[in-house]
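# Summary of structural features
Given next are the chains, with one letter for each unit.
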Amino acid sequence: QVQLVESGGGLVQAGGSLRLSCAASGRTFSTYAMGWFRQAPGKERLFVATINWSGHSTFYTDSVKGRFTISRDNAKNTLYLQMNSLEPEDTAVYYCAAVRLAYGLAIRSSEYNYWGQGTQVTVSS
């Protein structure tokens with residue numbers, strides 16, 4: 001089982017940057033594919049980015065390509081999301097998620113078994 005704790009959210013002006021972190025418990029972090037999702041008020045939870053177990057494969061939703069970077073440090077059991085050129089439309093609660101996956105990526109929320117509690121990101125115009 002994996003427990004996930006996000007941090008790094010906050011209030012930032014449009015055009016600014018934030019780096020989210022997701023600390024994972026347990027000794028098997030490197031066997032999980034990881035993902036970031038976000039949920040704006042009154043809207044469904046949407047996929048943002050995913051990374052495979054090794055960190056060598058990633059995939060992004062179109063709206064964040066070129067602005068966000070997902071990465072992981074398996075030695076530190078930590079997932080990251082570097083967010084640059086933030087826009088007011090990026091305002092949401094951001095969640096990290098994990099699924100045990102030997103290969104490949106997961107982009108649907110239904111594929112993930114474990115979720116963090118979320119961290120708020122607010123981008124002012």
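This report concerns the structure included in the present document. (Residues numbered from 1 in each chain as written. Predicted model: local features only at pLDDT ≥ 70, side-chain atom pairs only at ≥ 80, totals over all residues. Heavy atoms only, no water.)

### Concerning the overall build of the protein
Short version of the rule: Only runs of H or I of at least four residues qualify as helices and only runs of E of at least two qualify as strands under DSSP, and these elements are numbered from the N terminus. The reference for a compact globule is 2.2 Å times residues^0.38; the radius of gyration itself is calculated from the C-alpha atoms. Any pair of residues with heavy atoms lying within 4.5 Å of one another is described as a contacting pair. Method for areas: the Shrake-Rupley scheme with a 1.4 Å probe, in which residue coverage is limited to the protein chains shown.
Of the regular secondary structure elements, the protein holds zero helices and eleven strands. Starting at the N terminus and ending at the C terminus, the protein contains elements arranged as β-β-β-β-β-β-β-β-β-β-β. By the compact-globule yardstick of 14 Å for 125 residues, the protein fits well, its C-alpha radius of gyration being 13 Å. With the C-alpha coordinates aligned to their principal axes, the bounding extent of the protein is approximately 40 × 25 × 25 Å. Taking all contacts inside the protein whose residues are at least 6 apart in sequence as the whole, residues at least 24 apart take part in 59%. Total accessible area computed for the protein in this model is approximately 6500 Å², and 48% of it derives from carbon and sulfur atoms.

### Concerning the pattern of salt bridges
Stated formally: The term salt bridge refers to a side-chain nitrogen of Lys or Arg lying within 4 Å of a carboxyl oxygen of Asp or Glu. Three labels apply to residues, based on accessible area from a 1.4 Å probe with only protein chains included: buried if under 20% of the type maximum, exposed if over 50%, partly exposed otherwise in between.
Counting across every chain of the model gives five salt bridges. As a salt-bridge pair, Asp-62 and Lys-65 come within 3.0 Å of each other at their nearest N and O atoms. Overall, Asp-62 belongs to the exposed group, its relative accessible area being 62%. The class of Lys-65 is partly exposed, set by a relative accessible area of 44%. Residue Glu-87 is joined to Arg-67 by a salt bridge in which the shortest nitrogen-to-oxygen separation is 3.9 Å. Of this pair, Glu-87 sits in the loop between strand 8 (78–83) and strand 9 (92–100) while Arg-67 is found in the loop between strand 6 (58–60) and strand 7 (68–73), placing the two residues 20 residues apart along the sequence. Residue Arg-67 is classed as buried on the basis of its relative accessible area, which comes to 11%. What you see here is one network of salt bridges that share partners, running through Arg-38, Arg-67, Glu-87 and Asp-90.

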